[in-house]
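# Observations on the three-dimensional arrangement
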Amino acid sequence: DVCASDLFRVSVYPVVGDEEASTAQRVVVFADDQTALVRLDRARKEFLSNVSHELRTPLSSIKLMLETVLEAPDEEARELFLPQALSQVDRLVALVGQLLEQARAESGQLKLELREIDLEEVLRPILSSFEPQAANKGISLELVPLRPVRVEADPDRLSQVFVNLVDNALRHTTSGGRVKIELDAHGSD
């Protein structure tokens, strides 16, 4: 089945040495479906654009903060900007780690180590690591364990999910706002 959005590369080759074709030219036509390749190339370009943006933003922030500290080397500037710069470096390290994990997952080299874990034990250190960032933006960050929740998961992969969620929540919450995570179990299992 061919759709209007399908893309083909068509190659036309003349048949040389055809004695019967005195007035008519015989050709061989090859049509190669390029639809999947074009979509893959589009997805690759979008991915690279997103990664470039995600890397450039914290790098620009780090550079600006460090330049400010160098130009005004007083204690107040250091206390204000160096923790923020370190937070952005941590964000970059996490992003690069995620990219490496993605590459491992796509190549089939990612091994999951499933075990039963307590979500509160996973979330507490993650939220603690985001406290300085939340405080700098004037955002309240809280964890409310309504009841213990245990799941079977790979703790490292689950931590990555929660780091991404908390990071996104903080980036998209305005100053004076609140990021609240409630833990509760539903259902019989």
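Everything that follows concerns the structure shown earlier in this document.
Below: a short report on this structure. Predicted model, so just to flag it, every value in this text is computed and none were measured.

The rules behind the values
Residues numbered from 1 in each chain as written. Predicted model: local features only at pLDDT ≥ 70, side-chain atom pairs only at ≥ 80, totals over all residues. Heavy atoms only, no water. Helix = DSSP H or I, 4+ residues; strand = E, 2+ residues; numbered from the N terminus. Rg over C-alpha atoms; globule rule 2.2 N^0.38 Å. Buried < 20%, exposed > 50% of the residue type's maximum accessible area, 1.4 Å probe, protein only. Lys, Arg positive; Asp, Glu negative; His and termini not counted. Charge placed at Lys NZ, Arg CZ, Asp CG, Glu CD. Phe/Tyr/Trp six-rings, centres within 6.5 Å; stacked < 30°, edge-to-face > 60°. 1 Å grid on protein atoms, 1.4 Å probe; cavity = no way out; pocket = protein on both sides within 12 Å on 5 of 7 lines; lining within 4 Å. Points joined across faces, edges and corners; volume = space filled by probe spheres on them. Nonpolar A, V, L, I, M, F, W, Y, C, P; charged D, E, K, R; others polar. Expected span 1.5 Å × (residues − 1). Contact = heavy atoms within 4.5 Å. Salt bridge = Lys/Arg side-chain N within 4 Å of Asp/Glu carboxyl O.

### Re the overall build of the chain
The helix and strand tally for the chain stands at four helices and six strands. Secondary structure elements of the chain occur, N-terminal to C-terminal, as β-β-α-α-β-α-β-β-α-β. The C-alpha radius of gyration computed for the chain amounts to 27 Å, which surpasses the reference 16 Å derived for 189 residues by more than 25%, pointing to a less compact arrangement than a globule. Here the C-alpha coordinates of the chain stretch approximately 90 × 60 × 30 Å along the principal axes. Scored against the burial criterion, the 189 residues of the chain give a buried share of 23%. Where the 21 positive side-chain charges of the chain centre and where its 33 negative ones centre are 2 Å apart.

### Focus on the packing of aromatic side chains
Enumeration over the complete set of coordinates arrives at one aromatic pair. Relative to Phe30, the ring of Tyr13 has its centre 5.9 Å away and its plane inclined at 70 degrees; by these criteria the two rings are edge-to-face. With Tyr13 in strand S1 (residues 8-14) and Phe30 in strand S2 (residues 27-33), the pair connects residues that are 17 residues apart, well separated along the chain. For Phe30, a relative accessible area of 49% translates into the label partly exposed.

### Looking at the layout of surface pockets
For the largest pocket, the calculated volume is near 520 Å³. Sorting elements by how many residues they give to the lining of the largest pocket places helix H2 (residues 75-106) first, with ten residues. Partitioned by chemical class, the residues of the lining of the largest pocket number eight nonpolar, eight polar and five charged.

### A few points about helix H1 (residues 35-71)
With 37 residues, H1 should cover 54 Å at 1.5 Å per step; its first-to-last C-alpha distance of 54 Å lies within 8% of that length. As for H1, its buried residues are in contact with S2 and H2.

### Here's the deal with the pattern of salt bridges
Pairs may arise between side chains of opposite charge once their charged atoms sit close together. Applying the stated criterion across every chain, the model contains twelve salt bridges. Across the pair Asp32 and Arg9 runs a salt bridge whose closest N-O atoms are separated by 3.1 Å. Here Asp32, found in strand S2, pairs with Arg9, found in strand S1; they are 23 residues apart in sequence, far enough to count as distant. For Glu120, the salt bridge is made with Arg124, and the minimal N-O distance between the two is 2.9 Å.

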